[in-house]
Amino acid sequence: MHSSKSRAITGVILAFLALLGIMFHPISLLRTSAAEDYRQWRQMDERWANINLGNSSDIMAWSGCLVTSTAILAVHSGAKDANSFNPGTFVQSLNSVNAFDNYGCIASWSKVTEVIPDVKFVQYHAFSSTTQSGMAAEMKAIQNNGYYMICNVGGHWVFIDSIVGDEVYMIDPAKDDTKLFSSYSISGISGVNVYTGKNKPVSTSPVEQVTPNTAVTTASAAATTTTTTTTTTTTTAKPVTTTTTAATTAIKTTTQAVTTVSFEFGEYYSGTGSVKIYSQPDKNSDTLYNIYSGQVVNIVDAANGMGCIALGSEKGWVDVEQLIYTGNDDIHKCGDINGDNFINRLDLALLNEYLTSRSKLPEGISTLRECEIAAADINGDGDINNLDILEYLTLFCR
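On a predicted model such as this, the values are computed, not experimentally measured, just so you know. (Residues numbered from 1 in each chain as written. Predicted model: local features only at pLDDT ≥ 70, side-chain atom pairs only at ≥ 80, totals over all residues. Heavy atoms only, no water.)

Novice: Would you mind going over the pattern of salt bridges in detail, with residue names and values included?
Specialist: Inspection of every chain in the model, using the stated rule, returns seven salt bridges. Put simply, R39 and D340 hold a salt bridge, and the shortest N to O gap is 2.6 Å. With a gap of 301 residues between them, R39 in the loop between β1 (27–28) and α2 (60–63) and D340 in the loop between β15 (324–325) and β16 (342–343) connect regions that are remote in the sequence. For the pair R39 and D340, a shared accessibility class is recorded, and that class is buried. Linking K283 and D319 is a salt bridge whose minimum nitrogen-to-oxygen distance equals 2.9 Å. Of this pair, K283 sits in the loop between β10 (274–278) and β11 (287–292) while D319 sits in the loop between β14 (314–318) and β15, placing them 36 residues apart in sequence. (Salt bridge = Lys/Arg side-chain N within 4 Å of Asp/Glu carboxyl O. Helix = DSSP H or I, 4+ residues; strand = E, 2+ residues; numbered from the N terminus. Buried < 20%, exposed > 50% of the residue type's maximum accessible area, 1.4 Å probe, protein only.)

Novice: So, the sheet that holds strand β3 (residues 148–153): which residues are in play, and what are the values?
Specialist: Ordered by their spatial adjacency, five strands build an open sheet running β2-β6-β3-β4-β5, and the pairing between neighbours is antiparallel. What marks the edges here is a single partner per strand, and that holds for β2 (120–126) and β5 (167–171). For this sheet the average axis-to-axis angle between neighbouring strands, irrespective of direction, equals 35°. With six bridges connecting them, β2 and strand β6 (residues 189–196) associate as antiparallel partners. In the sheet register, K120 faces β6, and the bridge partner there is T196. Packed onto the sheet, helix α6 (residues 132–144) meets β2, β3, β4 (156–164), β5 and β6 and runs at close to 85° relative to β4. Helix-sheet contacts for helix α8 (residues 345–358) involve β4 and β5, and the interaxial angle to β4 is about 40°. (Pairing = 2+ DSSP bridges. Axes fitted to C-alpha atoms, helices over the stretch in contact; angles between N-to-C directions. Contact = heavy atoms within 4.5 Å.)

Novice: Can you explain the nonpolar core? Please cite residues and give values.
Specialist: The biggest cluster of nonpolar side chains holds 36 residues, and the ones touching the most others in it are W41, V67, F85, F90, L94 and I116. Counting only elements with at least two residues in this core, the list comes to α3 (65–76), α4 (87–96), α5 (109–115), β3 and β4. Ignoring anything within four residues of it in the chain, the contact list for F90 reads V67, T70, A71, F85, V112, V115 and I116. L351, L355, I373 and I389 belong to the second-largest nonpolar core, a separate cluster that totals 20 residues. (Core = buried A, V, L, I, M, F, W, Y, C linked by side-chain atoms within 4.5 Å.)

Novice: Talk me through unusual backbone geometry; I want residue IDs and the actual numbers.
Specialist: Positioned with a positive phi, N98 is a non-glycine residue whose angle comes to about 55°. Locating N98 in the fold gives a position in the loop between α4 and α5. On the basis of relative accessibility, which here comes to 58%, the residue N98 falls in the exposed class. Phi at N304 takes a positive value of approximately 55°, unusual for a residue other than glycine. Along the chain, N304 turns up in the loop between β12 (296–303) and β13 (306–311).

Novice: Describe the environment of E138, and please don't skip the residues or the numbers.
Specialist: Inspection of the secondary structure puts E138 in helix α6. With 13 residues separating them in the primary sequence, E138 and H125 have C-alpha atoms 9.3 Å apart. Excluding residues that lie within four positions of it along the chain, E138 makes contacts with H125, A126, F127, S128 and S129. Side chain to side chain, E138 and H125 meet in a polar contact 2.7 Å long. (Polar contact = N/O pair within 3.5 Å; in protein donor to acceptor, adjacent residues only side chain to side chain.)

Taken by themselves, the reported measurements are silent on function.
Next comes the structure, spelled out in structure tokens:
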């Protein structure tokens, strides 16, 4: 009966997806703000389409993709407020500080920082991989380290919003498409500009690295060895011979150094690559599982400098230094899984990935943090399942 019901629900969901074509608008949770949705900013917007880039003949409509993507980054990272800032005001400010060269290109990123002090260009990252999964992993690692990205897709620039598995979601200043690899050929996707913003990225699970403030310490131990030496003295006197034995004790003390490890109990995730889970608090013990990029575990105990994970009825042990601490204070609003103050296709993608992976991953390893799982229960029945997906789709249809 249960499987029959699940198939029926899945059929309804697929029908909704076919009907929607995933072409719905994000639902903002910032009800107190009248700001427009910066995700909808396009370089061809008539409010700024005809503004020149510096003294060049290029205008925003033709060549404003990088400027528009940077404006999106500024608002997305909390450096600017969409109530008083948009690509139009941004390009005018850049013009006022002579930020463009004669060809309409940004002459120096320091000029951008002059206009938006909280946004700083870090470097250009050229992809080493030539596959979708490889490029997605490289971008995931950059975002997990607290950076924002604007991607070069054959000379056009798009803001990277979120990475979910091998799928990369973008905000494209030229069109409404959101999936990077569905919209652009991999051969034309060459690399990303990397930036810092006012706040750390919140688009994917999980993203923020927090400095631990509670130490778990293993105290150093001293081992003492006692050595006893017996000395015999013989005194001869006629006609009597007397033998006297004196015992002396020497104490030898050796100190065994023990490594002191500090880390916080709580949720951690793998930033890149894979991290082994061992059967014992010993890296020479058997490997039970691997934690892959973006997957979350909860450290509940410590021994021998390693963290303990509850894996259902068994325990696993990890080198915590290979993981990134997420912090435990986040509370996400219902439905807003990624914490970006919108309920949209990104949240639905995260929910779908969670449900798909839940049956494949061992208990104790997840694609979502606890606060994100709580937010995913959008229908409030205490369980995360296809009914929540249906609730998302119903919400989008309103």
